[in-house]
Every structure is written in structure tokens, then in C-alpha cells.
Amino acid sequence: SGVQFLRRDFPETVARALQETGIEPRYIELEITETVIMRDEAWSEKALAAPRAVGVSLAIDDFGIGYSSLGRLRNLAVDRLKVDRSFVSNLETGVRDRSIASAIIKMSRTLGINVVAEGVETFNQMLYLQEQQCESAQGYLFSKPLAIADTEALLRRVADHSELGRTEKLRRLTHE
């Protein structure tokens, strides 16, 4: 949580959790919202560096709604930006939102940071994001939250269509 992240023992808390559980750091991704990170930039830089140094992935959630700048972003040890759903929801009609989403994607690629578009609900939004070379997306277009058994069934269906391109696979999965 943001409260945990702002505590000065955050890096030690993450290290202790990894040690106690025995989970390999490469299987963990921590998401911190942009507004929490920008609350104390100097601390955030230090707090993000320690988990990343041991192999934990880090993501900035709700990116684009806070006060980040390109200069600040280059100093943060993050692996992924999650473009806020408020930009994605207006991709089909909002020229400015399209421009902002496109700029975030291009900027991230230049900095070597992966991008996830949040709140994708329509096929046209997904197509636009693919055109912009957005690596990942999440939202109700793909699935609403699922129980474990339903998640397993969905993953099996994805595997059954492994020979298809990602756009055709998505069409089939969303129409089954």
C-alpha cells in the first residue's frame, strides 16, 4: 500500500517478505501509484532502488494523472508504467487523450520501460494501442475478474489458440 511504501523501513519489509516466503524476486511486481511516488521523490528514488536491485519488478500505477515529468521518471528504477484508464477510455473520441497515451508509450519505449494500458474495454481501443506499439493491456475487453477455476479455463483457451496472431486470438477469445 502507499502507506507501507512511505514508511522508511519499506525496503527492509520487502526483503523480509522475500526471505520469509522463499519466493524468487523475479516473480514479484510491486505497483505504486504515481501520486504516492511523487509525494516524496527523494525517498521514492531510494525506496524503489533496493527491491529492484534484488530482482523485484516495479510499476508505476495510474501514470499520467499526477505530476511526473520526464526528468523525474529517468531517475526512478521502474520497469513498467500503467497508463491511467482515464486516457484509455477516451481513445476513440478524445484527440488529446490519444496524443497523451501515444506520448507516454513512445517516451517509455525510449527509456526502456514497458507500458500497460489500463481499462481497455473496446476492440477499437486495443487496435489503437497496438498501432502505438503498447506492449500490454488490461481491462474488461479481456476479462472481468475471475475465480481461480475460470482463470485456468481462460488460460487454456489462450493456449488452444497459440498459432494465431494476437489480434485474431483476441477476437476469438472475446467472442467465445
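Whatever comes next refers back to the structure up there.
The model shown is predicted, which means the values in this text are computed figures rather than measured ones.

Criteria and thresholds
- Residues numbered from 1 in each chain as written.
- Predicted model: local features only at pLDDT ≥ 70, side-chain atom pairs only at ≥ 80, totals over all residues.
- Heavy atoms only, no water.
- Helix = DSSP H or I, 4+ residues; strand = E, 2+ residues; numbered from the N terminus.
- Contact = heavy atoms within 4.5 Å.
- Areas by Shrake-Rupley, 256 points an atom, 1.4 Å probe, with all protein chains shown as cover.
- Lys, Arg positive; Asp, Glu negative; His and termini not counted.
- Charge placed at Lys NZ, Arg CZ, Asp CG, Glu CD.
- Polar contact = N/O pair within 3.5 Å; in protein donor to acceptor, adjacent residues only side chain to side chain.
- Axes fitted to C-alpha atoms, helices over the stretch in contact; angles between N-to-C directions.
- Parallel < 35°, antiparallel > 145°, perpendicular 65-115°, else oblique.
- Left-handed = near helix turned anticlockwise from the far one by under 90°.
- Nonpolar A, V, L, I, M, F, W, Y, C, P; charged D, E, K, R; others polar.
- Expected span 1.5 Å × (residues − 1).
- Buried < 20%, exposed > 50% of the residue type's maximum accessible area, 1.4 Å probe, protein only.
- Arc of directions from axis to C-beta.
- Core = buried A, V, L, I, M, F, W, Y, C linked by side-chain atoms within 4.5 Å.
- Pairing = 2+ DSSP bridges.
- Right-handed = clockwise from strand over helix to strand, strands pointing away.

### What about the overall build of the chain?
So, point 1. Helix and strand counts for the chain come out as ten helices and five strands.
So, point 2. Across its three principal directions, the C-alpha atoms of the chain cover 50 × 40 × 25 Å.
So, point 3. The contacts of the chain with a sequence gap of at least 6 include a subset with a gap of at least 24, amounting to 60%.
So, point 4. Surface accessibility of the chain: about 10300 Å² in total, with carbon and sulfur atoms responsible for 51%.
So, point 5. Across the chain, 23 positive and 26 negative side-chain charges occur, with their mean positions spaced 3 Å apart.

### Considering the side chain of D79
So, point 1. For D79, the position within the fold is in the loop between α5 (70-73) and β3 (80-83).
So, point 2. Engagement of the side chain of D79 in a polar contact is seen with the side chain of R52, the distance being 3.1 Å.
So, point 3. For D79, the contacting residues outside a window of four places in its chain are R52, V56, S57, L58, I113 and N114.

### Quick word on the packing of helix α2 (residues 10-21) against helix α4 (residues 41-53)
So, point 1. Relative orientation of the contacting elements α2 and α4 amounts to 15°, with a least axis distance of 9 Å. It follows that α2 is roughly parallel to α4 by the angle criterion. In this structure, α2 crosses over α4, and the sense of that crossing is right-handed. For the pair α2 and α4, the contacting residues are F10, P11 and V14 in the first and W43, A47, A50 and P51 in the second.
So, point 2. For the contact of α2 with α4, the residue count by class is seven nonpolar, no polar and no charged.

### Thoughts on the environment of D61
So, point 1. Its place among the elements puts D61 in strand β2 (residues 57-63).
So, point 2. Residues within four places of D61 in sequence aside, it is in contact with E31, I32, T33, E34, K82 and E118.

### Quick word on α2
So, point 1. Under the 1.5 Å per step criterion, the end-to-end length of α2 is 17 Å for twelve residues, consistent within 8% with the ideal 16 Å.
So, point 2. Of the residues making up α2, those classed as buried are F10, P11, V14 and L18. Seen along its axis, α2 keeps its buried residues to an arc of 110°; they face one direction. Those residues of α2 that are exposed and aimed more than 90 degrees away from the buried face are Q19 and E20.
So, point 3. On its buried face, α2 sits against α1 (2-6), β1 (29-33) and α4.

### Regarding the nonpolar core
Proteins that are soluble and globular tend to have nonpolar side chains buried together.
So, point 1. The biggest cluster of nonpolar side chains holds 38 residues, and the ones touching the most others in it are F5, I37, L48, I60, L73 and L81.
So, point 2. In contact with F5, other than residues within four places in its own chain, are F10, I32, V36, I37, W43, S44, A47 and L48.

### Focus: the pairing of strand β4 (residues 114-117)
So, point 1. Direction of pairing for β3 relative to β4: parallel, over a ladder of four bridges. Residue pairing in the sheet places L81 in a bridge with V115 of β4.
So, point 2. As paired strands, β4 and strand β5 (residues 136-137) are joined by two bridges and run parallel to one another. Residue pairing for β5: A117 is matched across the bridge by A137.
So, point 3. After leaving β4, the chain enters helix α8 (residues 123-131) and then returns to the sheet as β5, a path that is right-handed.

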